[in-house]
Amino acid sequence: MASMRKVERHEARTAYVFITPTVLLFAVFTVIPVVMALYLSFTNYDVLSRNDWVGLENYRRLIDDSLLWKTFKNVFLYSIIFVPLNIIISLLLSMLLSRAWRGVKLFRTFYYLPTLTSAVAAATVWIWLLHPEFGLVNGLLSYVGITGPAWLSETSTAMLSIVMLTLWQSVGSNMIIYLAGLQGVPDYLYESARLDGANKWASFRYITWPQLRPTTFLVSTMAIIGALQLFDQAFVLTQGGPANVTKTPVYLIYQQGFNQLQMGYASAQAFVLAVAILIFSLINMRVSKAEESII
Amino acid sequence: MKKGLVTALSVMMVAALAAGCSGNSGQENAANEGKAGSGSSGKKTELTFWGDWGGEGQKQFETMVDAFNKSQDKIHVKYVLQQDMITKFLTAATNGGAPDVLFWDRWRTSLYAPKNVLHPVDEYLTRDGISKDDFYSESLTELSHDNKLYGLPLTVDARALFYNKKLLDEAGLQPPATWDELEQAAAKLTKWNGDKLEVAGFSMGDLGLFNMYLQQAGGQMLTEDGKTNFNNEQGKQVLEFWDRLMNKDKVYKVGFELGLGEGQDAFVTGKVAMLYSGPWMLSTYNKYGKDLEYGIVPPPAGPNGDKGSVMGGFGLVIPEGSKHHDEAWEFIKWWTANKDNALLWAKTSLNLPGFKPSMEDPFFQDDPQWKPFLDTLEFAKIRPAHPGYSVMETDALAPNLQLNQQNKLSIEDTLKKAQEQGDKMLEDNAVVK
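Just so we're clear, the structure is a prediction, and the values are computed from it rather than from any experiment. (Residues numbered from 1 in each chain as written. Chains lettered and ligands numbered in written order. Predicted model: local features only at pLDDT ≥ 70, side-chain atom pairs only at ≥ 80, totals over all residues. Heavy atoms only, no water.)

Caption draft 1: Looking closely at the nonpolar core. Residues B:Phe202, B:Phe210, B:Trp242 and B:Met274 are the most contacted members of the largest nonpolar core, which totals 77 residues. Of all the elements, helix α10 (residues 233-248) of chain B adds the most residues to this core, at six residues. In this view, B:Phe202 contacts B:Leu161, B:Leu182, B:Ala186, B:Tyr213, B:Leu245, B:Val251, B:Tyr252, B:Met274, B:Leu275 and B:Tyr276; residues no more than four positions away in its chain are not counted. By size, the runner-up hydrophobic cluster in this structure holds 53 residues, among which are A:Met263, B:Leu152, B:Ile318 and B:Ala328. (Core = buried A, V, L, I, M, F, W, Y, C linked by side-chain atoms within 4.5 Å. Buried < 20%, exposed > 50% of the residue type's maximum accessible area, 1.4 Å probe, protein only. Helix = DSSP H or I, 4+ residues; strand = E, 2+ residues; numbered from the N terminus. Contact = heavy atoms within 4.5 Å.)

Caption draft 2: Main features of helix α3 (residues 85-95) of chain B. Here α3(B) has its buried residues at B:Met85, B:Ile86, B:Phe89, B:Leu90, B:Ala92 and B:Ala93. Elements in contact with the buried residues of α3(B): α12 (249-259) of chain A together with β1 (45-51), β3 (101-105) and α4 (109-112) of chain B. Two residues or fewer after α3(B) comes B:Gly96, characterised by a positive phi angle close to 95°.

Caption draft 3: Structural view of the sheet that holds strand β15 (residues 352-353) of chain B. All names here are of chain B. The four strands are arranged β15-β7-β13-β16 in an open sheet whose pairing can be described as mixed. The open sheet has two edge strands, β15 and β16 (381-382), and neither has a second partner. Where strand β7 (residues 155-158) meets β15, two bridges bridge the pair, whose relative direction is antiparallel. Bridge pairing in β15 places Val156 opposite Leu352. (Pairing = 2+ DSSP bridges.)

Caption draft 4: Spatial organisation of the UniProt feature "transmembrane region" (unreviewed entry) in chain A. All names here are of chain A. In the UniProt entry, the feature "transmembrane region" (unreviewed entry) is given for residues 15-42, 75-97, 109-129, 135-152, 159-180 and 263-283. In residues 75-97, the share of helix is 100% and the share of strand is 0%. The end C-alpha atoms are 31 Å apart. Structurally, residues 135-152 comprises 44% helix and 0% strand, and the distance from its first C-alpha atom to its last is 12 Å. (UniProt positions renumbered as here; feature names shortened; annotations may be inferred.)

Caption draft 5: Main features of the pairing of β3(B). Residue and element names in this part refer to chain B. Counting buried positions along β3 gives four out of five residues, so the element sits mostly inside the fold. Looking at chain direction, β1 and β3 are connected through two bridges and run parallel. Of the residues in β3, the one forming a bridge with Trp50 is Leu102.

Caption draft 6: Region of the structure containing the pairing of strand β14 (residues 314-317) of chain B. Residues and elements named next belong to chain B. Here β3 runs beside β14; their pairing, made up of four bridges, is antiparallel. By the bridge assignment for β14, Leu102 is matched with Val317. Alignment of strand β6 (residues 151-153) against β14, held across three bridges, turns out to be antiparallel. Pairing of Leu152 across the sheet is with Leu316, part of β14.

Caption draft 7: Just the confidence of the model for chain B, in detail. Residue and element names in this part refer to chain B. Considering every residue of chain B, the mean pLDDT works out to 88; 90% of them sit at 70 or more. Of all secondary-structure elements in chain B, the lowest mean pLDDT belongs to helix α1 (residues 2-40), at 43, while β6 reaches the highest, 97. Ignoring residues within four places in sequence, the model shows residues 5-41, a span with pLDDT below 50, making 13 contacts including any to other chains. (pLDDT = per-residue confidence, 0-100.)

Caption draft 8: Structural context of the environment of B:Asp133. Here B:Asp133 is to be found in the loop between α5 (122-127) and α6 (137-142). Counting along the chain gives 222 residues from B:Asp133 to B:Phe355, while the straight-line C-alpha distance between them is 9.4 Å.

Caption draft 9: Geometry of the UniProt feature "domain: ABC transmembrane type-1" (unreviewed entry) in chain A. Cross-referencing UniProt, the feature "domain: ABC transmembrane type-1" (unreviewed entry) maps to residues 72-284 of chain A in the present numbering. Segment residues 72-284 of chain A splits into 76% helix and 0% strand. End C-alpha atoms: 18 Å apart.

Caption draft 10: Focus on a nonpolar patch on the surface. On the surface, a nonpolar cluster with roughly 730 Å² of combined accessible area is contributed by A:Leu25, A:Phe26, A:Val28, A:Phe29, A:Val31, A:Ile32, A:Val35 and A:Met36. Summarising the element assignment, A:Leu25 is placed in helix α1 (residues 2-40). (Patch = residues over 30% accessible without salt bridge, like charges linked within 9 Å, V, L, I, M, F, W, Y side chains within 5 Å. Areas by Shrake-Rupley, 256 points an atom, 1.4 Å probe, with all protein chains shown as cover. Salt bridge = Lys/Arg side-chain N within 4 Å of Asp/Glu carboxyl O.)

Caption draft 11: Structural detail: the pattern of salt bridges. In this structure the tally under the stated criterion is 22 salt bridges over all chains. Here A:Lys247 and B:Asp395 are joined by a salt bridge, their closest N and O atoms 2.3 Å apart. Here A:Lys247, found in the loop between α11 (232-238) and α12, pairs with B:Asp395, found in helix α16 (residues 389-405), and the two come from separate chains. When sorted by exposure, A:Lys247 lands in the same class as B:Asp395, which is buried. B:Lys248 serves as the salt-bridge partner of B:Asp249, at 3.6 Å between the closest nitrogen and oxygen. Judged by its relative accessible area of 18%, B:Asp249 is buried. It is possible to trace a salt-bridge network through shared partners that takes in A:Arg61, A:Asp64, B:Lys424 and B:Asp428.

See the structure below:
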């Protein structure tokens with residue numbers, strides 16, 4: 001018994017040693033800044049000349065900051081379209097590409113490629129593709145007799161354009177995650193289902209989808225967090241316009257902090273965003289029953 | 001044995017981490033000591049000059065810096081390119097790493113000067129007998145706060161009307177001088193092919209130019225006490241004019257110029273016949289527009305003959321955190337308040353210098369590309385010096401103007417909403433102390 005405890009102690013010590021660097025990095029670059037930002041959100045910090053406690057002043061100001069709530073509405077709208085489409089498309093792609101057929105590796109590479117391009121470079125190319133008169137998209141539409149809109153400049157299509165671009169960029173990496181998830185579904189489940197006479201839809205509905213629940217939870221959580229923090233694509237494609245329909249909270253926080261030097265107020269805005277992300281992640285956890293076991 | 005290895009490994013990792021964190025400050029200290037050392041040894045004073053112009057701009061800065069270094073033997077200036085200059089300055093201003101001279105977008109003065117990070121230059125001006133009349137008073141106002149001047153203007157610019165000579169000749173038109181002429185010319189120059197716009201008569205892509213139109217209508221963006229001042233007859237005239245251009249004459253299509261730059265620039269390729277632009281575009285047009293023949297006239301006057309354009313440009317300022325205020329001033333004075341040097345700068349960079357005597361040179365007076373800008377500068381006004389002005393313009397005014405342009409908001413509601421939201425943003429961002 002005594003030797004057993006010794007082994008355990010030894011293992012525990014080794015474990016702590018191994019996680020020390022990560023935890024240290026996490027503390028220095030994440031925990032401390034978050035705590036500092038929380039403190040700053042109660043001050044009128046401006047980086048240069050002042051740092052006085054103002055109590056709840058910043059949070060009071062948040063309440064009737066109509067532009068902030070507008071940006072939240074924008075990213076919620078974006079998430080509602082983006083997150084489900086992201087899951088559906090990447091799951092479909094991965095199911096298509098999980099079987100071994102000729103050239104499958106080529107297609108996997110193609111679908112993954114957009115993920116590797118930088119967001120800003122890709123957005124610049126998409127601006128050309130979406131040009132109302134000379135862009136490829138409207139050029140193709142005109143062949144079938146449709147006059148395409150000015151995608152990025154019209155209030156009704158600007159957000160949709162950003163959804164298209166970000167989907168194109170993000171389905172690749174989620175497809176890889178789903179591919180890995182599909183590999184983990186045991187073959188004997190399908191085999192016994194086939195013996196019981198299940199068709200393809202039934203085996204997807206009752207085997208593949210439930211078995212992929214942890215994967216879907218991961219993909220959807222990352223997608224929600226990414227969606228609520230949308231910034232670069234919206235910044236390059238539309239600069240938040242037209243009429244603020246693509247302005248996002250992160251964009252506003254940056255502007256408030258670095259352009260207007262109201263770092264205290266920007267920190268308060270950032271905390272509202274953090275709380276929103278937390279709430280939606282928790283809801284998502286409930287919906288996808290992440291804690292229950294899959295079999 | 002194994003345990004020893006693990007301990008050694010972890011100690012190494014932690015040490016590496018700690019070194020990584022402190023590495024930066026160590027370097028900075030060394031650099032500061034080096035600087036102080038060379039200063040106190042009685043040799044040349046080393047000045048650091050920060051700017052965010054790279055590429056061609058960096059070469060232009062370095063030409064001036066080299067010329068200054070050769071002109072005397074007491075001060076040596078070094079240009080340091082800072083891509084993200086303002087953010088860097090934010091941290092450097094308070095922790096001792098501030099540069100000695102800073103390239104400065106003038107409109108930022110109203111936000112930064114109250115925070116005491118810039119050094120006033122009024123005393124130097126008096127001491128060296130530099131006359132304020134040698135600069136555009138608007139540009140000095142933009143560099144001032146609370147009756148103190150915080151630097152000297154390096155460049156001045158303003159938008160004027162660029163027109164494609166060939167297209168105007170074909171249509172038998174003269175460059176417009178009034179709103180009515182502008183509207184008629186634009187309507188005549190526009191070419192549609194079905195529902196496809198081929199040539200836009202006049203660019204309506206930048207609604208941020210509202211300020212300029214409002215001046216032409218005889219209005220002003222802000223009242224004396226810092227409130228918006230466009231929900232009135234003048235503002236209405238501007239939007240009605242835009243409405244005629246967009247919806248009656250259909251001279252433009254929303255998003256027409258988006259993403260077209262440099263070689264594909266819509267004006268260079270003849271897809272836009274007239275537009276408001278500034279001297280900063282001259283080199284692009286000259287470089288890519290081999291077949292482009294263009295002319296420039298001052299902005300057309302509004303219904304009551306009022307003229308208007310917005311003056312902008314850069315200056316040079318001295319951060320309060322610099323240890324060499326006097327030497328920094330010598331450099332700024334040499335560059336911006338000397339006829340020959342300001343002219344050298346203008347010719348090197350193709351910018352209008354902030355120093356008026358330099359503009360008397362034939363280089364500007366006899367050049368049809370420069371003359372219209374000189375005329376425009378005579379009446380151009382700076383943006384109001386309110387720390388919340390740019391937020392008001394981009395987040396309250398522009399979004400409502402865009403809704404109006406896309407026929408989603410009436411003229412009355414546009415002005416009313418822009419006023420309500422704008423006044424609130426001005427108020428929220430007014431206190432900077």
